[in-house]
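Observations on the model geometry
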Amino acid sequence: MAYFETVNTIKYEGASSQNPFAFKYYNPEEKINGKTMEELLRFSVAYWHTFTADGSDPFGAGTAIRPWNHLSGLDLAKARVEAAFELFEKLNVPFFAFHDVDIAPEGSTLKETNENQDVIVGMIKEYMKTSKVKLLWNTANMFTNQRYVHGAATSSNADVFAYSAAKVKKALEVAKDLGAENYVFWGGREGYETLLNTDMKLEQDNLARFFHMAVDYAKEIGLNVPFLIEPKPKEPTKHQYDFDVATGLAFLQKYDLTDHFKFNIEANHATLAGHTFEHELRTARINGMLGSVDANQGDTLLGWDTDEFPTDLYTNTLAMYEILKNGGLGKGGLNFDAKVRRGSFDAEDLFHAHIAGMDAFAIGLKVANKLIEDKVLDGFVEERYSSYTSGIGLDIVEGKTNFRELEAYALQLNEIKNQSGRTERLKGLVNQYLLETLSGARV
Ligand code: XLS
Ligand code: NI
Ligand code: NI
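Residues numbered from 1 in each chain as written. Chains lettered and ligands numbered in written order. Predicted model: local features only at pLDDT ≥ 70, side-chain atom pairs only at ≥ 80, totals over all residues. Heavy atoms only, no water.

With that settled, the discussion passes to the overall build of the protein chain. Counting its secondary structure elements, the protein chain contains 16 helices and 14 strands. The globule rule puts the C-alpha radius of gyration for 443 residues at 22 Å, and the 24 Å found for the protein chain is close to it. By its C-alpha atoms, the protein chain is 80 × 60 × 45 Å across when sized along the principal axes. Taking contacts inside the protein chain between residues at least 6 apart in sequence as the whole, the part at least 24 apart equals 77%. For the protein chain, the exposed area adds up to about 21,300 Å²; of that, 52% sits on carbon and sulfur atoms. Charge centroids of the protein chain, computed over 46 positive and 63 negative side chains, lie 3 Å from each other. (Helix = DSSP H or I, 4+ residues; strand = E, 2+ residues; numbered from the N terminus. Rg over C-alpha atoms; globule rule 2.2 N^0.38 Å. Contact = heavy atoms within 4.5 Å. Areas by Shrake-Rupley, 256 points an atom, 1.4 Å probe, with all protein chains shown as cover. Lys, Arg positive; Asp, Glu negative; His and termini not counted. Charge placed at Lys NZ, Arg CZ, Asp CG, Glu CD.)

All right, on to the coordination of the nickel ion (ligand 3) then. Expected angles at a metal are 109.5 degrees for tetrahedral coordination by four donors and either 90 or 180 degrees for octahedral coordination by six donors. With distances of 2.1 to 2.3 Å, the protein atoms coordinating the nickel ion (ligand 3) are Glu-266 (OE), His-269 (NE2) and Asp-305 (OD). In terms of primary sequence, the donors binding the nickel ion (ligand 3) are separated according to E-x2-H-x35-D. Here the nickel ion (ligand 3) and the nickel ion (ligand 2) are spaced 3.8 Å apart, with Glu-266 acting as a shared donor. A residue pair is termed long-range when its members are at least 10 positions apart, and Glu-266 in strand S12 (residues 261-266) and Asp-305 in the loop between strand S13 (290-294) and helix H11 (313-325) qualify at 39 residues. Classification of Asp-305 as buried rests on a relative accessible area of 7%. (Donors = N, O, S within 2.8 Å, 3.2 Å for Na, K, Ca; no water. Buried < 20%, exposed > 50% of the residue type's maximum accessible area, 1.4 Å probe, protein only.)

This part is about the coordination of the nickel ion (ligand 2). Around the nickel ion (ligand 2), the protein supplies Glu-230 (OE), Glu-266 (OE), Asp-294 (OD) and Asp-337 (OD) as donor atoms, at distances of 2.0 to 2.1 Å. Note that the nickel ion (ligand 2) binds six donor atoms; their angles at the metal cover 81 to 174 degrees, and the shape is octahedral. The sequence pattern describing where the donors of the nickel ion (ligand 2) fall on their chain is E-x35-E-x27-D-x42-D. Classification of Asp-337 by relative accessible area gives buried; the value is 7%. (Tetrahedral: all angles 85-135°; square planar, octahedral: opposite > 155°, others 65-115°.)

With that out of the way, let us pick up the pattern of salt bridges. Throughout the structure, instances matching the rule amount to 21 salt bridges. Linking Glu-126 and Lys-129 is a salt bridge whose minimum nitrogen-to-oxygen distance equals 2.8 Å. With Glu-126 and Lys-129 both in helix H5 (residues 110-130) and three residues apart, this pair spans about one turn of that helix. In this structure Lys-129 comes out as exposed when scored by relative accessible area, which is 61%. (Salt bridge = Lys/Arg side-chain N within 4 Å of Asp/Glu carboxyl O.)

Attention now moves to the packing of helix H3 (residues 73-91) against helix H12 (residues 348-373). In contact at an axis separation of 11 Å, H3 and H12 are set at 40 degrees when each is read in the N-to-C sense. Comparing their axes, H12 and H3 come out oblique. The way H3 lies across H12 gives a crossing that is right-handed. For the pair formed by H3 and H12, the contact residues are Leu-87, Lys-90 and Leu-91 on the first element and Leu-350, Phe-351, His-354, Ile-355 and Met-358 on the second. The residue makeup of the contact of H3 with H12, split by class, is six nonpolar, one polar and one charged. (Axes fitted to C-alpha atoms, helices over the stretch in contact; angles between N-to-C directions. Parallel < 35°, antiparallel > 145°, perpendicular 65-115°, else oblique. Left-handed = near helix turned anticlockwise from the far one by under 90°. Nonpolar A, V, L, I, M, F, W, Y, C, P; charged D, E, K, R; others polar.)

The subject of this paragraph is the sheet that holds strand S8 (residues 182-185). Spatially, eight strands are ordered S5-S6-S7-S8-S10-S12-S13-S14 in a closed barrel, and the strand pairing comes out parallel. The sheet shows a mean angle of 30 degrees between the axes of neighbouring strands, taken without regard to direction. The pairing of strand S5 (residues 43-46) with strand S14 (residues 334-336) spans three bridges and is parallel. Within S14, the position partnered with Ser-44 by the bridge is Asn-335. Set on the sheet, helix H7 (residues 200-220) makes contact with S8, strand S10 (227-229) and S12; between it and S10 the angle comes to about 160 degrees. (Pairing = 2+ DSSP bridges.)

Inspection of the secondary structure puts Asp-57 in the loop between helix H2 (47-52) and H3. The spatial distance from the C-alpha of Asp-57 to the C-alpha of Arg-342 is 8.2 Å, given a sequence separation of 285 residues. Of the polar contacts made by the side chain of Asp-57, one reaches the backbone nitrogen of Phe-59; its length is 2.8 Å. (Polar contact = N/O pair within 3.5 Å; in protein donor to acceptor, adjacent residues only side chain to side chain.)

All right, on to the packing of aromatic side chains then. Going through the model one piece at a time under the given rule, you end up with 29 aromatic pairs. A centroid spacing of 5.8 Å and a plane angle of 35 degrees characterise the contact between Phe-309 and Phe-336, whose relative ring orientation is tilted. You can see Phe-309 sitting in the loop between S13 and H11 and its partner Phe-336 sitting in strand S14, a full 27 residues away along the chain. Taking the relative accessible area as the measure of exposure, Phe-336 reaches 0% and is therefore buried. (Phe/Tyr/Trp six-rings, centres within 6.5 Å; stacked < 30°, edge-to-face > 60°.)

Now for helix H16 (residues 423-439). Between its terminal C-alpha atoms H16 stretches 24 Å, which fits the 24 Å expected from 17 residues at 1.5 Å a residue. Regarding H16, the residues found buried are Leu-426, Leu-429, Val-430, Tyr-433, Leu-434 and Thr-437. An end-on view of H16 places all buried positions within 135 degrees of arc, on one side of the element. In H16, the exposed residues that point more than 90 degrees away from the buried face are Glu-424, Arg-425, Leu-435 and Ser-439. Structurally, H16 contributes buried residues whose contacts are with H11, H12 and helix H13 (376-384). Once H16 ends, the next one or two residues include Gly-440, with phi positive near 85 degrees. (Expected span 1.5 Å × (residues − 1). Arc of directions from axis to C-beta.)

Turning next to the site of ligand 1. Around ligand 1, the neighbouring residues are Trp-48, His-99, Trp-137, Trp-186, Glu-230, Lys-232, Glu-266, His-269, Asp-294, Asp-305 and Asp-337. Separating an oxygen atom of ligand 1 from a side-chain N or O atom of Glu-230 is a distance of 2.7 Å. In this structure, Asp-294 approaches ligand 1 through a side-chain N or O atom, which is 2.9 Å from an oxygen atom. Contact with the protein chains hides 93% of the accessible area of ligand 1, taken as 290 Å² for the molecule alone. Here the shell around ligand 1 is composed, by residue class, of three nonpolar, two polar and six charged. (Near = heavy atom within 4 Å.)

Here you go:
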């Protein structure tokens, strides 16, 4: 049975295509520097936004019209798997990602919940045998159920810590069973509302204990995949411990976890933290910690995680710049942690949204690659820091000098000459590359 009858397999038709159900820029087979776009972009569909969510928001009910809306319980869960694999195939995406509660309903006991998981995981496994789609990552949802009211691994209640451990244990087994490429931890409720009632040190120590136990258990069951922390500064909790990459990195270093963890960086979480997407990617990259990406975008006029499909070409270009400079995403991917707007309630909107996001990242990839190839920014940056390649600058970077010598050097300086940073010139150049790549003038 087909769930998306009006949509056929989406093919690349080129920039002049008027077909709404075609890629204009994403050509999975097209090679860029010896690698195909499919290999470089590693797109992934987020199960929760595309199959589980119904378009409800804090002020209103669900609006999404979906062919599985009449079903409930395990029947609903099964229909969603069928629909999911149809969409994966039609979009030709190589990956998907899910939370445990997205794929199967929670039972009235943990045992029942696990049994429901087993049914659906078994079904997904069957589908994966004949499909090329792979699991980019899975995770345990430890924020929706009321038991997580005070957090999961950082809860003030040890029973909740134990329950959360059981959830992650199961999710790691599922990761192993389905051959996941990564495992994600997003600490939506790992933080605090007020310091007045919070033992911050104990909570953070416990979070680290939890991660160490997860590392140990993965080892025990032979699950050898990167663990990814997904930083977010707030929402739903007022202050979350994995605030941003820099905060998360300090945490991992303090608790001796850097060997096992990298970061899953989400664009909208970056902006909520007061950073750009590319800032977070850069911070992870220069520390060797860039694991994967939740590809979406926020809205500068709204102060929450709007999880929009990433259609901003400029941001995607700068993001792909960091990703290419990282040598790609390795086992990570570009996971569309993005939802169609509440007003885009038709099932076909799911396709329009993914097509728009995939095309926009394909453009970003092409432009970024050109910028790198032509050394547009690298050349400038190299020149800008050239004072460190000889003389006193070289002594500084080689650790061959000290305050006394530097003072002596400074005392004999007559004048200090700086050079312009050329911000506007560089922004203009990036625009030029974007437009020329889009129009085909620069290939
Ligand atoms: C929520 C997060 C969440 C994670 C996975 O803001 O982005 O969806 O990606 O738990
Ligand atoms: Ni996310
Ligand atoms: Ni998010």
